[in-house]
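Chain and residue survey
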Amino acid sequence: MSHFESIPKIKYEGPESKNPLAFKFYDADRVILGKTMREHLPFAMAWWHNLCAAGTDMFGTNTADKSFGATPGTMEHARAKVDAGFEFMEKLGIEYFCFHDVDLVPEAETIAETNARLDEISDYILEKMKATGIKCLWGTANLFGNPRYMNGAGTSNSADVFCFAAAQIKKALDITVKLGGRGYVFWGGREGYENLINTDMKFELDNIARLMRMAVEYGRSIGFEGDFLIEPKPMEPMKHQYDFDTATSIGFLRQYGLDKDFKINIEANHATLAGHTFQHELRVAAINGMLGSIDANQGDNLLGWDTDEFPFDVYETTMCMYEVLKAGGLRGGLNFDAKNRRTSNTYEDMFYGFILGMDTFALGLIKAAAIIEDGRIEKFVEEKYSSFKSGIGAKIVADETTLEELASHAEKLGAPENPGSGRIEYLESIVNSILFR
Ligand code: XLS
Ligand code: CA
Ligand code: CA
């Protein structure tokens, strides 16, 4: 049974096309810097937004119909979501999906019953994967929705709740391995605090590191070879979340000896909530060898919360793909952790959202490659630091000098040298001339 009968397979028609159900920039087989767009841009569908979220917000209920012809909360509905999801991905040429355990099946009264449901649905998903070639990018456990996690999961004050979290992670890892997932994500939505007055921060951090260590040990023991990923976010739902941003998360991973098994999953909207640009977070991960995967969405600068919009801002995707290309590509993928606006509530809108996101990233890729081929920006940056290529500068980077030697060098110079213009406006106008030529 088709869920999107009126929607054709979405094809590339080029920038002049006025067909809303066609790609204007995403041309999967086009080769850019030696790789196809498909290879550069491993797009993924987020099960939760696309197949589960139906427009409920703090002030109102569903505006969209995501029942797919079945009664929500049943296994029949879980199967209908699989059917709809695979039809949707095939029509768009999306090759990966990401999931939380509870996106796949309704949670039952007992762990055993929920796990039996997960076994059943993952058999069905596996069949669909074999038939279509669609793959799993990453899996995760929802450790924030159930009221038992109100004080956190890995950072809960309750040892029993900690065990429930362990049970969910164990099963989510089993399912991720069964589906051949490339990654396993920890997003710590409730791993943080509302108020330090009732919080033992050190104890909580030690504990969640223990949970992650056990997850790594278990995952490796069942043959999981992919990356474990921390997805930073500074706040929401908690006032302060421990995985605040990429730098904080890398510090945590190194402190607890988890950095060999983990990488970072960077979400654009979480970067801006942390007071950073998306590009900043990508750069921090890349220079630390920790760039794992990307949750591709965007926030709203006028709103202080996580709006999870489909990417539209070409400057942002250009800078994202610039970082990705310079880092040598992505180990993971580009997961559209994005949802339609509450007022865009039809099946067509689901497709329009993905077409917008895929085209915005395709444009970003094309333009980032053009910036690199143009070379002026990279050349400027290289020259900016050229004083470290010879003389005293070369001695500094070779670690062949001392503070005394540097001090006497400075004394001999007399007046300090002008370090040179940063040329920001000139460089920005290069970006514009490449974006809009
Ligand atoms: C929420 C997060 C979440 C993670 C997966 O803000 O983005 O959806 O990606 O748990
Ligand atoms: Ca996310
Ligand atoms: Ca988000």
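The structure contained in this document is the topic of the report that follows. (Residues numbered from 1 in each chain as written. Chains lettered and ligands numbered in written order. Predicted model: local features only at pLDDT ≥ 70, side-chain atom pairs only at ≥ 80, totals over all residues. Heavy atoms only, no water.)

Volume-wise, the largest pocket comes out at about 1400 Å³. As for the largest pocket, its lining consists of 49 residues, and the residues nearest its centre are H49, T56, D306, D308 and K339. Sorting the residues of the lining of the largest pocket by element identifies helix 2 (47-52), strand 7 (135-140) and helix 12 (347-374) as the ones contributing at least two each. For the lining of the largest pocket, the leading source of residues is helix 2, giving four residues. Within the lining of the largest pocket, the residues separate by chemical class into 18 nonpolar, 15 polar and 16 charged. Looking at the second largest pocket, its volume works out to about 880 Å³. Around the second largest pocket, the lining is made up of 29 residues, and of these Q279, R283, M319, E428 and V431 lie nearest the centre. Residue assignment for the lining of the second largest pocket shows that the elements contributing at least two residues are helix 10 (278-287), helix 11 (314-326), helix 13 (376-384) and helix 16 (424-435). Considering each element in turn, the lining of the second largest pocket owes the most residues, six residues, to helix 13. (1 Å grid on protein atoms, 1.4 Å probe; cavity = no way out; pocket = protein on both sides within 12 Å on 5 of 7 lines; lining within 4 Å. Points joined across faces, edges and corners; volume = space filled by probe spheres on them. Helix = DSSP H or I, 4+ residues; strand = E, 2+ residues; numbered from the N terminus. Nonpolar A, V, L, I, M, F, W, Y, C, P; charged D, E, K, R; others polar.)

The next thing to look at is empty space enclosed by the protein. To locate leftover empty space, one rolls a probe as large as a water molecule over the atoms. All chains considered together, the criterion is met by four cavities of 30 Å³ or more. For the lining of the largest cavity, the elements supplying multiple residues, two or more each, are strand 8 (183-186) and helix 7 (201-221). When grouped by side-chain class, the residues that make up the lining of the largest cavity number ten nonpolar, three polar and three charged.

Moving on: the site of ligand 1. Taken together, the neighbourhood of ligand 1 is formed by W48, H100, W138, W187, E231, K233, E267, H270, D295, D306 and D337. A distance of 2.6 Å separates an oxygen atom of ligand 1 from a polar side-chain atom of H100. At 3.1 Å, a side-chain N or O of D306 approaches an oxygen atom of ligand 1. A molecule is said to occupy a pocket when more than half its atoms come within 2 Å of that pocket's grid points, and by this definition ligand 1 occupies the largest pocket. (Near = heavy atom within 4 Å. Polar contact = N/O pair within 3.5 Å; in protein donor to acceptor, adjacent residues only side chain to side chain. Sits in = over half its atoms within 2 Å of the grid points.)

The next point concerns the nonpolar core. In terms of nonpolar packing, the biggest core is built from 119 residues, with W47, L92, F97, I125 and F361 touching the most fellow members. Per element, the largest residue contribution to this core is 13 residues, and it comes from helix 12. (Core = buried A, V, L, I, M, F, W, Y, C linked by side-chain atoms within 4.5 Å. Buried < 20%, exposed > 50% of the residue type's maximum accessible area, 1.4 Å probe, protein only.)

Looking along a regular strand, one sees the side chains alternate between the two faces of the sheet. With respect to burial, strand 7 is a largely interior element, five of its six residues being buried. One ladder, built from five bridges, connects strand 6 (residues 96-100) with strand 7; its direction is parallel. The residue of strand 7 that forms the bridge with F99 is G139. (Pairing = 2+ DSSP bridges.)

All right, on to the environment of P20 then. Among the secondary structure elements, P20 is positioned in the loop between strand 1 (11-12) and strand 2 (22-23). Residue classification places P20 among the partly exposed residues on the basis of a relative accessible area of 47%. Sequence separation between P20 and I355 is 335 residues; the distance between their C-alpha atoms is 8.5 Å. Not counting chain neighbours up to four residues away, the residues in contact with P20 comprise Y352 and I355. (Contact = heavy atoms within 4.5 Å.)

Before going further, it helps to examine the coordination of the calcium ion (ligand 3). Distances from the calcium ion (ligand 3) to its protein donors, namely E267 (OE), E267 (OE), H270 (NE2), D306 (OD), D306 (OD) and D308 (OD), fall within the range 2.1 to 3.1 Å. For the calcium ion (ligand 3), the donor residues sit on a single chain with the sequence spacing E-x2-H-x35-D-x1-D. A separation of 4.5 Å is found between the calcium ion (ligand 3) and the calcium ion (ligand 2), which are bridged by E267. Of the two residues, E267 sits in strand 12 (residues 262-267) while D308 sits in the loop between strand 13 (291-295) and helix 11, which places them 41 residues apart along the sequence. Accessibility classification places E267 together with D308 in one group, the buried group. (Donors = N, O, S within 2.8 Å, 3.2 Å for Na, K, Ca; no water.)

What follows deals with the packing of aromatic side chains. Enumeration according to the criterion identifies 28 aromatic pairs in this entry. Between F88 and F354, the aromatic rings sit 4.9 Å apart at their centres with planes inclined by 80 degrees, giving edge-to-face as the arrangement. Of this pair, F88 sits in helix 3 (residues 75-92) while F354 sits in helix 12, and the two are 266 residues apart along the sequence. Judged by relative accessible area, F354 falls into the buried class, the value being 0%. We note R79 situated over the ring of Y124; from NZ or CZ to the ring centre the distance is 4.1 Å. The lysine or arginine in question, R148, covers the ring of Y149, its NZ or CZ lying 5.8 Å from the ring centre. (Phe/Tyr/Trp six-rings, centres within 6.5 Å; stacked < 30°, edge-to-face > 60°. Lys NZ or Arg CZ within 6 Å of the ring centre and 35° of its normal.)

Moving on: the coordination of the calcium ion (ligand 2). Protein-derived ligands of the calcium ion (ligand 2) are E231 (OE), E231 (OE), E267 (OE), D295 (OD) and D337 (OD), with the metal-ligand distances lying across 2.1 to 3.2 Å. Read in sequence order, the donor residues for the calcium ion (ligand 2) give the motif E-x35-E-x27-D-x41-D. Note on E231: relative accessible area 4%, which makes it buried. Of the residues examined, D295 reaches a relative accessible area of 0% and is grouped as buried.

Before going further, it helps to spend a moment on the side chain of K233. For K233, the position within the fold is in the loop between strand 10 (227-230) and strand 11 (240-241). Polar contacts involving the side chain of K233 include one to the side chain of D306, which spans 2.7 Å. Contact partners of K233, with chain neighbours within four places excluded, come to W187, Q241, D243, F244, H270, L273 and D306.

Glancing now at the pairing of strand 10. Side chains of strand 10 alternate between two faces, with D227 and L229 and F228 and I230 buried alike. For strand 8 and strand 10, the ladder comprises four bridges, and the chain directions are parallel. Bridging from a neighbouring strand, V185 pairs with L229 of strand 10. Summarising the sheet, strand 10 and strand 12 pair through three bridges and their orientation is parallel. Counted as the bridge partner of I230 is I264 from strand 12.

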